[in-house]
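Observations on the three-dimensional arrangement
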Amino acid sequence: MCQDCKKKFYITTPIYYPSSKLHIGHTYCTVAADAMARYKRLQGYDVMFLTGTDEHGQKIEEKAKAAGVTPQEFVDNIVCGEKGVLDLWKLMNISNDRFIRTTDDYHVAAIQKIFKKMYENGDIYKGAYKGMYCTPCESFWTESQLVDGKCPDCGGEVHEAEEEAYFFRLSKYAPRVRELLTTTDFLEPKSRVNEMVNNFIDPGLEDLCVSRTSFTWGVPVDFDPGHVVYVWIDALFNYMTALGFENDRYNDLDKYWPCDVHFVGKEIVRFHSIIWPAMLMSLDLPLPKKVYGHGWLIMDGGKMSKSKGNVVDPYVLAEMFGVDALRFFLLRTFPFGSDGNFSNELLINTINIDLANDLGNLVSRTTAMVEKYFGGTLPAERQFADIDDELILMLTGLRDRYEAQMEKFQFQNALDEVFRCIQRSNKYIDENMPWALAKDEANRARLATVMYNLLESVRICATLLLPFMPDSCQKIFRQIGAAEEVTTWQAAKLWGKLPETVTVHKGEAIFPRVDTAKALAELEELHQQQLLAALPALETEPLSAETVEFDDFCKCDLRVVKVKDCKTVKKSDKLLCFTLDDGTGEDRQILSGVRQWYPEPEKLIGKTLVAIVNLPPRKIMWRDSNGMLLSAIHKEKGEEVLHLVMVDDAIPAGAKLE
Ligand code: MSP
């Protein structure tokens, strides 16, 4: 079919804030959208799959400042730099057709035009933003955001203030948006509709402040310098500017708009289901057909970014378990509309049970038996039995059952359908006992039929798994000898598409079993390393809040001492034994637990140190210790680091410190 005659499907992910590196939670929605896009392409649609980055706003401006770079340099690094957003989508095999950055010139210019249009049609007006203002932070806060009446950021005083700002007449569109949400399938799952109506629309929608003057990293309002466009307006219109709305860079608006579905995380459903349609209504533009608010991957009941016990870096997980296993896990384990508790154990279990045991075994047992019993190529003889009918019926009906779930974005249920067939096929092996059939040449036709049926099951299941695990399914096709024309959407509903005398190529295990204990230990080790790496390089003890009386301090007799000798102490890996000249003419012995930082004690001989000499004598490891050497302690990457306090060698032994 020619490209123009194909049915169109336009799907988007949210555009990501490049304020820090993305974690596995961020990949969730993109992997889901990718599976959906691949599924629609498999069905024969002309798909436009858009993702991108949302690069403006105060947060980015502040982070860039802290990093000592320009905001553009900052976002360039996170988006295009090594292991940045673009690298991550490449790694995860994301098949987006387009990538938009809100700092792209064509988008910026389009946003300025859009803002002006809404200003000209009267839906954006100039007013005053009132709130509690914190001068040092240059931020407005609402009463409810304040903490004990103070600025939630710096804890400082706030005062009532007003600032000129533009507003969008969101209130005007409240009735139409309410109707859209309550009488159509615009927003799904349905539970999110109640949330929007009860929490936001019914309590009364206020007009939305859509410009800022307190920072500059945004799209400038071209007719009023000093104002930048509110980041959500800039961000939401990406879905249209990326197709060519109000710009010449692209020309795909007629082809793909209105969008078929926006996949968004639950916390940004409000922007997509209330503000976005209201703005489109203001411009008299067609509304997207659907917004789907998916759940979050959470960890130990909390936010992933604050995760403590699990590795959430998609690079690490993909390297350890494989990209396809990771993609599969995300969509197999959690219902898309609800939150899901992520853990490394769950990931490993899913890989071992579904991929290594069920699917992997089915493929490797089947190809191994075809090789063993027929030298790799099936003979043409067939002998069908009643027991085959159930399998064939189940497999030829799979595509419809799968489709019904995919159309509702129920990836978990769609995969459930496929895995039921995989499990059924494994059972079919046990029921038919090919190893027993192989014992008698008279069963040759029956054995060939059993093998053929199994290869057909694998073919259909792998075709429907293509959107989830594209590379692995191609490997499966090579192993079972399935050419491209029998791995199509149409062929997934039909039995008997593989050649009668198909040749298999048994290869390496596609989904090797994971050694759970070993993998968890490795992940734990990596996690500890990540925690250390995330610690500030240098840590010092907070200053003591307790005061000491001057007279008490003066009681400490601090003296300069010279190291005459320094040795390790038998049976102690901590202690060094110092022989010191303290100016009295008699040697002073001090034992000090510094060996770890001075592995070559003889190098300390001749150094000028400081000791407190009027501590009561102590016995340490059966030796006398008369006093204590002063040292400076701090932490580096979580490890304690100690330096003996050394003073100028010109100071004589016995000099008193005051
Ligand atoms: N920039 C906005 C979106 C603008 S769309 C016009 C934004 N960016 S974000 O980077 O903060 O989040 C992007 C998406 O990642 C959101 O849909 C959010 O829900 C999703 N997730 C962030 N953490 C997540 C999990 N732990 N689990 C699942 N999705 C998560 O919001």
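Placed above this text is the structure.
The present account deals with the structure reproduced in this document. Only a predicted model underlies this, so the values are computations on that prediction, with no experimental measurement involved. (Residues numbered from 1 in each chain as written. Predicted model: local features only at pLDDT ≥ 70, side-chain atom pairs only at ≥ 80, totals over all residues. Heavy atoms only, no water.)

A look at the overall build of the protein
The helix and strand inventory of the protein stands at 22 helices and 25 strands. Relative to the compact-globule value of 26 Å for 658 residues, the protein shows a C-alpha radius of gyration of 34 Å, a clear excess of over 25%. For the protein, the spread of C-alpha atoms along the principal axes amounts to about 105 × 80 × 40 Å. Within the protein, the fraction of its 658 residues that count as buried is 52%. For the protein, contacts bridging at least 24 residues in sequence account for 74% of all contacts bridging at least 6. Looking at the protein as shown, the accessible area adds up to about 31100 Å², and 51% of this sits on carbon and sulfur atoms. Here the protein holds 76 positive side-chain charges and 97 negative ones, and the gap between their average locations is 4 Å. (Helix = DSSP H or I, 4+ residues; strand = E, 2+ residues; numbered from the N terminus. Rg over C-alpha atoms; globule rule 2.2 N^0.38 Å. Buried < 20%, exposed > 50% of the residue type's maximum accessible area, 1.4 Å probe, protein only. Contact = heavy atoms within 4.5 Å. Areas by Shrake-Rupley, 256 points an atom, 1.4 Å probe, with all protein chains shown as cover. Lys, Arg positive; Asp, Glu negative; His and termini not counted. Charge placed at Lys NZ, Arg CZ, Asp CG, Glu CD.)

Description of the packing of aromatic side chains
Taken as a whole, this structure holds 32 aromatic pairs when the rule is applied. Note that lysine 59 overlies the ring of tyrosine 17, its terminal NZ or CZ placed 5.4 Å from the centroid. The residue whose ring lies beneath arginine 332 is phenylalanine 419, and the NZ or CZ to ring-centre distance is 4.9 Å. (Phe/Tyr/Trp six-rings, centres within 6.5 Å; stacked < 30°, edge-to-face > 60°. Lys NZ or Arg CZ within 6 Å of the ring centre and 35° of its normal.)

Digging into the pattern of salt bridges
By the definition in use, this model includes 41 salt bridges. Among the salt bridges present, the one from lysine 40 reaches glutamate 407, with a minimum N-O distance of 2.9 Å. Here glutamate 407 lies in the loop between α16 (398-406) and α17 (411-432) and lysine 40 lies in helix α1 (residues 24-43), a separation of 367 residues in the sequence. Overall, glutamate 407 belongs to the partly exposed group, its relative accessible area being 37%. For the salt bridge of arginine 401 with glutamate 417, the shortest nitrogen-to-oxygen distance reads 2.9 Å. Placement of arginine 401 in helix α16 and of glutamate 417 in helix α17 is noted, with a sequence separation of 16 residues between them. On the accessibility criterion, arginine 401 (28% relative accessible area) is partly exposed. (Salt bridge = Lys/Arg side-chain N within 4 Å of Asp/Glu carboxyl O.)

Some details on the pairing of strand β2 (residues 46-53)
Burial analysis of β2 places eight of its eight residues in the buried class, which makes it a mostly covered element. Here β2 shows a buried face lined by Asp46, Met48, Leu50 and Gly52 and a second buried face lined by Val47, Phe49, Thr51 and Thr53. Summarising the sheet, strand β1 (residues 8-12) and β2 pair through five bridges and their orientation is parallel. Counted as the bridge partner of lysine 8 is aspartate 46 from β2. For the segment spanning β1, α1 and β2, crossover handedness is right-handed. (Pairing = 2+ DSSP bridges. Right-handed = clockwise from strand over helix to strand, strands pointing away.)

A short note on the layout of surface pockets
Its boundaries defined by the atoms lining it, the second largest pocket holds a volume of some 400 Å³. Every residue lining the second largest pocket is counted, 21 residues in all, and those nearest its centre are Met320, Phe321, Gly322, Ile510 and Pro512. Elements supplying a minimum of two residues to the lining of the second largest pocket: α12 (314-321), α13 (323-333), α20 (470-480) and α21 (516-534). In terms of residue class, the lining of the second largest pocket is made up of 11 nonpolar, three polar and seven charged. (1 Å grid on protein atoms, 1.4 Å probe; cavity = no way out; pocket = protein on both sides within 12 Å on 5 of 7 lines; lining within 4 Å. Points joined across faces, edges and corners; volume = space filled by probe spheres on them. Nonpolar A, V, L, I, M, F, W, Y, C, P; charged D, E, K, R; others polar.)

Some words on the site of the ligand
The immediate surroundings of the ligand are formed by 23 residues, with Ile15, Asp54, Gly265, Glu267 and Leu297 found nearest. Between aspartate 54 and the ligand, the recorded distance is 2.6 Å, taken from a side-chain N or O atom to a nitrogen atom. Interatomic distance of 2.9 Å between a backbone N/O atom of glycine 265 and an oxygen atom of the ligand. Here the shell around the ligand is built from residues that sort into 13 nonpolar, eight polar and two charged. (Near = heavy atom within 4 Å. Polar contact = N/O pair within 3.5 Å; in protein donor to acceptor, adjacent residues only side chain to side chain.)

Observations regarding the side chain of aspartate 260
Locating aspartate 260 in the fold gives a position in the loop between α10 (253-256) and β11 (261-265). In this structure aspartate 260 comes out as buried when scored by relative accessible area, which is 16%. There is a polar contact of 2.8 Å between the side chain of aspartate 260 and the backbone nitrogen of tyrosine 10. At 2.9 Å, the side chain of aspartate 260 and the side chain of lysine 289 are in polar contact.

Some details on the environment of glycine 127
When you line up the elements, glycine 127 lands in strand β4 (residues 124-134). Sequence separation between glycine 127 and leucine 187 is 60 residues, and the spatial gap between their C-alpha atoms is 32 Å. Aside from chain neighbours lying at most four places away, what touches glycine 127 is Glu163, Glu164, Ala165 and Phe167.

Quick word on helix α6 (residues 174-183)
All of the buried residues in α6 are Ala174, Val177, Leu180 and Leu181. Projected down its long axis, α6 shows its buried positions confined to an angular sector of 130°, all on one face. Counted as exposed and oriented over 90 degrees from the buried face of α6: Pro175, Glu179 and Thr183. Where α6 is buried, its residues touch β7 (187-188), α7 (190-201) and α11 (269-282). (Arc of directions from axis to C-beta.)

A closer look at the sheet that holds strand β6 (residues 159-168)
Read across the sheet, four strands follow the order β5-β4-β6-β8 without closing on themselves; strand pairing throughout is antiparallel. For this open sheet the edge positions go to β5 (139-141) and β8 (208-209), each flanked by a neighbour on one side alone. Across three bridges, the pairing between β4 and β5 is antiparallel. Residue pairing in the sheet places tyrosine 133 in a bridge with phenylalanine 140 of β5.

Looking at a nonpolar patch on the surface
Together, Val548, Phe550 and Phe553 give the surface a local cluster of nonpolar side chains, amounting to about 340 Å² of exposed area. A relative accessible area of 60% places phenylalanine 550 in the exposed class. (Patch = residues over 30% accessible without salt bridge, like charges linked within 9 Å, V, L, I, M, F, W, Y side chains within 5 Å.)

Regarding the packing of helix α15 (residues 386-396) against helix α19 (residues 444-465)
In contact at an axis separation of 10 Å, α15 and α19 are set at 15° when each is read in the N-to-C sense. It follows that α15 is roughly parallel to α19 by the angle criterion. You can see that α15 and α19 cross each other, and the crossing is left-handed. Taken together, the residues of α19 that come into contact with α15 (itself represented by Ile387, Asp388, Leu391, Ile392 and Leu395) are Arg446, Thr449, Asn453, Ser457, Ile460 and Cys461. Within the contact of α15 with α19, the residues separate by chemical class into six nonpolar, three polar and two charged. (Axes fitted to C-alpha atoms, helices over the stretch in contact; angles between N-to-C directions. Parallel < 35°, antiparallel > 145°, perpendicular 65-115°, else oblique. Left-handed = near helix turned anticlockwise from the far one by under 90°.)

Regarding unusual backbone geometry
Note the cis peptide between glutamate 188 and proline 189, where omega equals -10°. Positionally, proline 189 belongs in the loop between β7 and α7. Unlike most non-glycine residues, asparagine 93 shows phi in positive territory, near 60°. If you trace the backbone, asparagine 93 turns up in the loop between α4 (85-91) and β3 (98-101). For aspartate 148, which is not glycine, the phi dihedral falls at a positive 50°. Within the secondary structure, aspartate 148 is located in the loop between β5 and β6. What makes aspartate 148 exposed here is its relative accessible area of 76%.

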